[in-house]
Every structure is written in structure tokens, then in C-alpha cells.
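# An overview of the molecular structure
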Amino acid sequence: MRHNRSFTAAAIQQSCCTDRETNLAHSARLIENAAQRGADLVVLQELHTSPYFCQEQAVSVFDRAEPIPGPTTRYLGELAAELGVVIVGSVFEKRMAGVHHNTAVVLDSDGSLAGTYRKMHIPDDPGFYEKFYFTPGDASRDAFRPVATSLGWLGVMVCWDQWYPEAARLMALAGAEVLIYPTAIGWDPADDLDEQARQLDAWVTVQRGHAIANNLPVIAPNRHGFEAAPDDAGDGIQFWGSSFICGGQGEYLARSAGEGDDVLLASIDPDRTDALRRIWPYLRDRRVDAYDHLTRRVRD
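These figures come from a predicted structure and were not determined experimentally.

### Remarks on the packing of aromatic side chains
According to the stated counting rule, one finds 19 aromatic pairs in the structure shown. Taken together, the aromatic side chains of Phe53, Phe62, Phe92, Phe132, Tyr133 and Phe134 make up a single cluster linked through ring pairs. The ring of Tyr252 has Arg208 sitting right over it, with the charged end atom 4.4 Å from the ring centre. Above the plane of the ring of Phe239 lies Arg223, whose end atom (NZ or CZ) is 5.4 Å from the centre.

Now the structure itself:
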């Protein structure tokens with residue numbers, strides 16, 4: 001473990017086109033920019049090699065899935081080793097015929113695959129038909145375990161997981177030193193401005209709440225730009241960007257605008273969590289003897 005525990009984290013916000021290689025090259029340029037500016041950890045957004053394909057349900061989309069290790073992990077691993085940074089990426093994983101996952105991958109600074117996290121909470125809403133494509137991660141194997149890297153323990157989750165306080169707490173209890181949420185979220189263009197503001201504020205607030213409740217920094221990169229629905233199957237999605245990094249008291253360390261590519265940088269000090277937990281000892285005061293009903297779907 002390093003003597004100097006502080007490191008610089010980068011959250012990458014980008015738009016995506018229909019060509020995989022173009023998207024990867026785009027990500028690589030932004031990662032290189034982050035590394036040149038001193039980043040030790042670089043976090044990409046959810047499903048960054050393609051448009052957000054879950055706006056439709058089409059069996060042909062499964063042709064985009066790949067194994068792990070596979071082309072994307074090799075590409076990101078070589079880049080991580082070349083730049084000496086830890087990279088968190090995203091893969092549409094083909095685990096076997098008929099079983100696919102939305103998987104975050106962590107490449108350590110030597111290029112090795114440090115670990116993976118398969119998205120646990122899978123949405124199924126108009127324009128976000130993820131249950132058609134993704135099997136949830138296995139509760140016994142994938143559920144909310146941080147990944148060990150040269151920078152420390154990374155609590156990597158994916159997008160819809162960010163709405164669940166149970167997931168953040170379990171990551172914290174397993175020793176995560178930072179919570180990371182690669183994201184692809186946006187508005188229905190039919191939403192009025194007030195509704196858009198409420199949705200964005202809810203997204204930011206719930207994640208800042210996870211930071212506060214667990215005394216941990218949060219890194220949340222999101223894509224930006226309008227992506228039309230394939231074959232006019234819907235109204236499309238306006239991805240709202242607004243990526244951010246906050247500290248263990250929910251304070252903003254860096255925040256992006258709603259539009260435009262961006263490389264957010266912030267200093268992360270994992271040892272600050274210990275100082276916060278000495279004066280805000282939420283974990284000490286948990287009444288674990290009284291929470292058994294949390295394992296029920298409904299308390300009836």
C-alpha cells in the first residue's frame with residue numbers, strides 16, 4: 001500500500017456515436033488528457049463504446065456483446081499500463097450464450113484486470129429496456145464488493161445502483177474507500193423544464209446522500225448529448241451530463257455542465273474517511289439487531 005494515500009481522480013463525460021472504434025478513440029483522448037493533468041484514477045461512463053442501445057428491444061444488439069477479458073479490456077489495459085493510471089470502464093459482457101451483463105471493469109495501472117462488477121439493479125422503463133439485455137449480477141459473487149487496486153479499494157457500481165442506499169452501505173461495510181457510479185441517464189424530451197430540474201436534482205442529491213451516510217467520496221460520470229431512438233421507436237433521450245465528484249460530507253469537489261465533453265479532476269484522500277467517522281460515527285451506531293425486515297420485499 002502506498003505511503004501517500006491521496007490520489008487524483010478524473011471523471012470523463014463524453015458523447016457517443018454509433019461506431020465502437022470511434023468511441024474508444026474518443027475515450028482514449030480524454031483519458032490521456034486526464035493523465036497529462038495528473039490523474040491517477042480515470043472513470044468512464046456507462047456503456048461508453050456505443051450509443052445507449054437500450055432504447056429499443058432488438059436481438060441483433062446482442063452481437064455487440066463481448067467476453068471479459070476481451071477487446072475492450074485489452075484496449076483499456078494497454079492504455080492504463082502506458083499512462084500508469086487505473087481505469088474504470090464499461091462492457092456489454094457476454095458471459096455465455098443467453099447470459100449477458102452490464103459490467104464495470106477495473107484495469108490497474110500495470111494494465112492487469114483488477115476486477116469486475118456486474119450491475120445488480122436492472123431498470124425496465126420506457127426508453128431504458130435493460131432487462132431485455134442484462135442479467136443481474138450474482139448475489140453470492142458480484143454483490144457490492146469493492147475491487148482492490150494500487151490506489152486502494154474501489155466501490156464500483158453502475159447507474160441504476162445509485163438509487164439504492166443498501167448498495168452503497170454494503171460497499172462501505174466491505175471496505176470501499178470511494179463509491180463510483182458510471183452512468184447513462186437523461187430526460188425524455190417531453191419532460192417540461194420543472195420536471196427536468198427535479199429529476200436532475202434527485203439524481204445528484206441521492207448520491208451526495210450516499211457520500212454523507214457512508215463518509216465516502218463519490219465519483220459519478222455521465223454521458224451527454226441527444227441520442228435518437230432507433231427506427232423512431234421513441235422520442236430519444238437527452239442525456240443530461242452534469243457529472244460530478246463529491247467528498248465524504250457531500251461537498252462538491254468538481255462538477256460538469258450539462259453539455260459538452262469534460263474531464264473533471266479532484267483530489268481524493270481515503271484517510272479522510274477515518275477522520276469523518278470519528279466525529280460522525282454512523283457505522284458504530286447502526287442498530288443491526290433491528291434491521292432484519294430489510295430483507296423482505298414489503299413489511300406486511
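### As for the sheet that holds strand β2 (residues 41-43)
Spatial ordering of the open sheet is given by β5-β4-β3-β2-β1-β17, a layout of 6 strands whose pairing is mixed. Bordering the open sheet on either side are β5 (113-118) and β17 (262-268), each of which pairs with just one other strand. When the angles between neighbouring strand axes are averaged without regard to direction, this sheet yields 30 degrees. Sheet topology places strand β1 (residues 7-13) next to β2; 3 bridges connect them, and they run parallel. Counted as the bridge partner of Ala10 is Val42 from β2. Lying on the sheet, helix α1 (residues 20-36) is in contact with β1, β2, β3 (86-96) and β17; it crosses β1 at an angle near 155 degrees. Helix α2 (residues 71-83) contacts β3, β4 (99-107) and β5 of the sheet and is inclined by roughly 165 degrees relative to β3.

### Some thoughts on the state of the cysteines
Summed over the entire model, instances satisfying the criterion amount to 0 disulfides. Summary of cysteine pairing: Cys246 is not part of a disulfide, and the nearest cysteine sulfur, belonging to Cys159, is at 16 Å. Accessibility expressed as a relative area gives 0% for Cys246, which makes it buried.

### Focus: the sheet that holds strand β8 (residues 147-149)
One open sheet holds the 6 strands; their spatial order is β8-β9-β10-β12-β15-β16, and the pairing between them is mixed. Here the strands that pair on one side only, and so sit at the sheet edges, are β8 and β16 (252-255). Sheet twist, expressed as the average angle between the axes of neighbouring strands with direction ignored, equals 20 degrees. Two elements, strand β12 (residues 218-220) and strand β15 (residues 244-246), share 3 bridges in a ladder whose sense is antiparallel. In the strand pairing of β15, Val218 is matched with Cys246.

### Quick look at the side chain of Ser243
By the secondary structure assignment, Ser243 is in the loop between β14 (237-240) and β15. Taking the relative accessible area as the measure of exposure, Ser243 reaches 0% and is therefore buried. There is a polar contact of 2.8 Å between the side chain of Ser243 and the side chain of Gln13. Those residues in contact with Ser243 that lie beyond four places of it in its chain are Gln13, Ala220, Pro221, Asn222, Ala254, Arg255, Ser256 and Leu264.

### So, α1
In this model α1 runs 24 Å from its N-terminal to its C-terminal C-alpha over 17 residues, within 8% of the 24 Å that 1.5 Å per residue would give. Among all positions of α1, only Asn23, Leu24, His26, Ser27, Ala28, Leu30, Ile31, Ala34 and Ala35 are buried. Looking at the buried residues of α1, the elements they touch are β1, β2, α2, β3 and β17. Measuring from the side-chain oxygen of the N-cap residue of α1 to the backbone nitrogen of Glu21 gives 3.4 Å; that N-cap residue is Asp19. Trailing α1 by a residue or two, Gly38 shows a phi angle of about 105 degrees, which is positive.

### Examining the pairing of β14
Alignment of strand β11 (residues 186-187) against β14, held across 2 bridges, turns out to be antiparallel. Residue Trp187 lies in a different strand from β14, and its bridge partner there is Gln238. Bridge analysis of strand β13 (residues 224-227) against β14 gives 4 bridges, and the strand direction is antiparallel. By the bridge assignment, Phe226 is partnered in β14 with Gln238.

### Quick word on the nonpolar core
Ranked by size, the top nonpolar core spans 46 residues in total, and within it Leu41, Leu154, Leu179, Ile180 and Ile219 carry the most contacts. With residues near it in sequence (within four places) discarded, Ile180 still touches Leu41, Val43, Val88, Leu154, Gly155, Val156, Met157 and Ile219. Judged by nonpolar contacts, the second largest core, of 19 residues, contains Ile12, Ile31, Leu79 and Leu107.

### Quick notes on a nonpolar patch on the surface
On the surface, Ile212, Ile279, Trp280 and Tyr282 cluster together into a nonpolar patch covering about 390 Å² of accessible area. Structurally, the position occupied by Ile279 is in helix α5 (residues 272-279). Residue classification places Ile279 among the exposed residues on the basis of a relative accessible area of 58%.

### Digging into the environment of Asp108
Along the chain, Asp108 turns up in the loop between β4 and β5. Residue class for Asp108 comes out buried when judged on its relative accessible area of 11%. Note: C-alpha distance between Asp108 and Val88 (20 residues apart in sequence) is 8.8 Å. Dropping the residues within four chain positions of it, Asp108 is found in contact with Ala80, Val85, Val86, Ala114, Thr149 and Ser150. A polar atom in the side chain of Asp108 sits 2.7 Å from the side chain of Ser150.

Calculation rules
Residues numbered from 1 in each chain as written. Predicted model: local features only at pLDDT ≥ 70, side-chain atom pairs only at ≥ 80, totals over all residues. Heavy atoms only, no water. Phe/Tyr/Trp six-rings, centres within 6.5 Å; stacked < 30°, edge-to-face > 60°. Lys NZ or Arg CZ within 6 Å of the ring centre and 35° of its normal. Pairing = 2+ DSSP bridges. Helix = DSSP H or I, 4+ residues; strand = E, 2+ residues; numbered from the N terminus. Axes fitted to C-alpha atoms, helices over the stretch in contact; angles between N-to-C directions. Contact = heavy atoms within 4.5 Å. Disulfide = S-S within 2.5 Å. Buried < 20%, exposed > 50% of the residue type's maximum accessible area, 1.4 Å probe, protein only. Polar contact = N/O pair within 3.5 Å; in protein donor to acceptor, adjacent residues only side chain to side chain. Expected span 1.5 Å × (residues − 1). Core = buried A, V, L, I, M, F, W, Y, C linked by side-chain atoms within 4.5 Å. Patch = residues over 30% accessible without salt bridge, like charges linked within 9 Å, V, L, I, M, F, W, Y side chains within 5 Å. Areas by Shrake-Rupley, 256 points an atom, 1.4 Å probe, with all protein chains shown as cover. Salt bridge = Lys/Arg side-chain N within 4 Å of Asp/Glu carboxyl O.

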